[in-house]
Amino acid sequence: MTDFSNISILTLQGFNLPPESIPSAFVFATLGYLTILTCNLILLITIILNKSLHQPMYLLLLNLPINDLIGSTALFPHIIKELLWDTRTMEFSTCVTQAFFIHIYATGAVFILTAMAYDRYVAICCPLKYNTIMSNMHTMRLISLVWISNILMIAVLFILLLRLPRCRSLVTHTYCDNPSLLQLVCVNTTINNIYGLMTLAVCQVITVGLIIFTYIQILIACFRNKQSDTRSKAMQTCATHLIVFLLFECLGLFTIISYRLTDISPHLRKFSGVAAMILPPTMNPIIYGLKTKEIRVKAVKCIQKRIYTS
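Residues numbered from 1 in each chain as written. Predicted model: local features only at pLDDT ≥ 70, side-chain atom pairs only at ≥ 80, totals over all residues. Heavy atoms only, no water.

> Please give an account of helix α5 (residues 136-162) that cites residues and values.
A turn of α-helix holds 3.6 residues, and therefore any two residues three or four places apart point the same way. End to end, α5 covers 39 Å across 27 residues, agreeing with the expected 39 Å (1.5 Å per residue, within 8%). Taken together, the buried residues of α5 touch α2 (56-85), α3 (92-125), α6 (178-182) and α7 (190-224). (Helix = DSSP H or I, 4+ residues; strand = E, 2+ residues; numbered from the N terminus. Expected span 1.5 Å × (residues − 1). Contact = heavy atoms within 4.5 Å.)

> Outline the UniProt feature "transmembrane region" (unreviewed entry) in the protein, listing residues and values.
The positions UniProt marks with the feature "transmembrane region" (unreviewed entry) are residues 25-49, 58-80, 100-121, 142-162, 194-218, 239-259 and 271-290. For the annotated span residues 25-49, helix accounts for 100% and strand for 0% of the residues, and the straight-line distance between the end C-alpha atoms is 36 Å. Strand forms 0% of residues 142-162 and helix 100%; the C-alpha atoms that close the span are 30 Å apart. (UniProt positions renumbered as here; feature names shortened; annotations may be inferred.)

> Break down the packing of α2 against α3 for me, with residues and values.
It is at 9 Å that the axes of α2 and α3 come closest, and there the two elements cross at 160°. Taken together, α2 and α3 sit at an angle that is classed as roughly antiparallel. Considering how the two elements wind past one another, α2 and α3 form a crossing that is left-handed. By residue class, the composition of the contact of α2 with α3 is 17 nonpolar, six polar and three charged. (Axes fitted to C-alpha atoms, helices over the stretch in contact; angles between N-to-C directions. Parallel < 35°, antiparallel > 145°, perpendicular 65-115°, else oblique. Left-handed = near helix turned anticlockwise from the far one by under 90°. Nonpolar A, V, L, I, M, F, W, Y, C, P; charged D, E, K, R; others polar.)

> Hey, could you go over the side chain of Gln98 for me, with residue numbers and the actual values?
Relative to the elements of secondary structure, Gln98 occurs in helix α3. Gln98 gets classed as buried once you look at its relative accessible area, which sits at 5%. Setting aside residues no more than four positions away along its own chain, Gln98 makes contact with Ala74, Leu75, His78, Met90, Tyr175 and Cys176. (Buried < 20%, exposed > 50% of the residue type's maximum accessible area, 1.4 Å probe, protein only.)

> Please provide a residue-by-residue account of the pairing of strand β1 (residues 9-12), values included.
Along β1, the buried face is formed by Leu10 and Leu12; none of Ile9 and Thr11, which line the opposite face, is buried. Both β1 and strand β2 (residues 89-91) contribute to a ladder of three bridges, which runs antiparallel. Looking at the pairing, Ile9 lines up with Glu91 of β2. Sheet analysis places β1 next to strand β3 (residues 170-171), joined by two bridges and oriented parallel. Bridging across to β3, Leu12 finds its partner in Val171. (Pairing = 2+ DSSP bridges.)

> Help me get a handle on the nonpolar core, residues and values and all.
Core analysis: the biggest nonpolar cluster contains 77 residues, and Ile47, Leu61, Met116, Phe158, Leu181 and Tyr288 have the highest contact counts within it. Ranked by residue count, the leading element in this core is α3, at 17 residues. Non-local contacts of Met116, meaning those with residues more than four positions away in its chain, are made with Leu60, Leu61, Leu64, His241 and Tyr288. (Core = buried A, V, L, I, M, F, W, Y, C linked by side-chain atoms within 4.5 Å.)

> Tell me what's going on with the sheet that holds β2, and back it up with residues and numbers.
Strand pairing within a sheet occurs via backbone hydrogen bonds; the two strands may be parallel or antiparallel. In space, the three strands of this open sheet follow the order β2-β1-β3, with mixed pairing throughout. Of all the strands in the sheet, the pair left with one neighbour each is β2 and β3.

> How would you sum up the state of the cysteines? Please name residues and give values.
Under the definition given, this model contains two disulfides. The side chain of Cys95 participates in a disulfide bridge whose partner is Cys176; the two sulfur atoms lie 1.8 Å from each other. On the S-S bond that ties Cys95 to Cys176, the torsion sits near -110°, and the link is left-handed. Pair noted here: Cys95 is in helix α3 and Cys176 is in the loop between β3 and α6, with a separation of 81 residues, a long-range link. The exposure classification of Cys95 matches that of Cys176, with both residues buried. Here the cysteine-cysteine linkages of the protein are recorded as 1-3, 2-4, numbering only bonded cysteines and doing so in sequence order. The closest cysteine sulfur to the non-disulfide-bonded Cys125 is located on Cys126, 6.0 Å from its own sulfur. (Disulfide = S-S within 2.5 Å.)

Next comes the structure, spelled out in structure tokens:
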């Protein structure tokens, strides 16, 4: 086997689009990235600039656009470059960096949505104790736990990857991630597989378990509440949150499982992998921005103020 460890250039499989489809794909990717940047930056700036939104719910929500911007920026510039210059090569260091931030985004999204579900659980099920439980100090501890555990877990994943020699240079995916980089390795990857599956299982048990518990408790509290307005508002908030979580979970898990299924279409795997990186960052600012009255009002005022002063 040829040792590729000293070769820094990798070749990505790409989308294999016909020449006539490339211009429209380039326009779609560019507009999609600009839309994600604009919507998430508006949500981010609105929460930062308005002190009235510096509450636990919005401070937790603040992390969602930050995470979405990390994932989108790790993916879209590479796709736009590939479509514009018709190149499928990438430096190994760039590929690893892209994979690292894509995994940070994927894990961070699940952790942040779980933290937000916990906040809603306390607000709806323990309203009298909410300010005591979700103090600013406790909220910052929760945010720190989300990011520190995320970064440490993904860092170990890539430390285990980078110790292994490579004997291939073709990445069989449209972007770099840990499973596709592991396919470049020609030595035993049992430790990497065990760690990857173990962290995935632990994260799924903790996050899905907490969300199931919180939403069961929220549903019980909503049905017990005799005020129809309060009940409908709580149900609407939780329903949108649950839709975002389930969408991301289904797309993400399907992409992970598809690497281990030899019979599955590679085009389907590409679609699910890219959809998991595009749909949530596009939907999140719309769902949590437009559907949340406080944020919507503040964002409109902020935009109007900028227009009038310019």
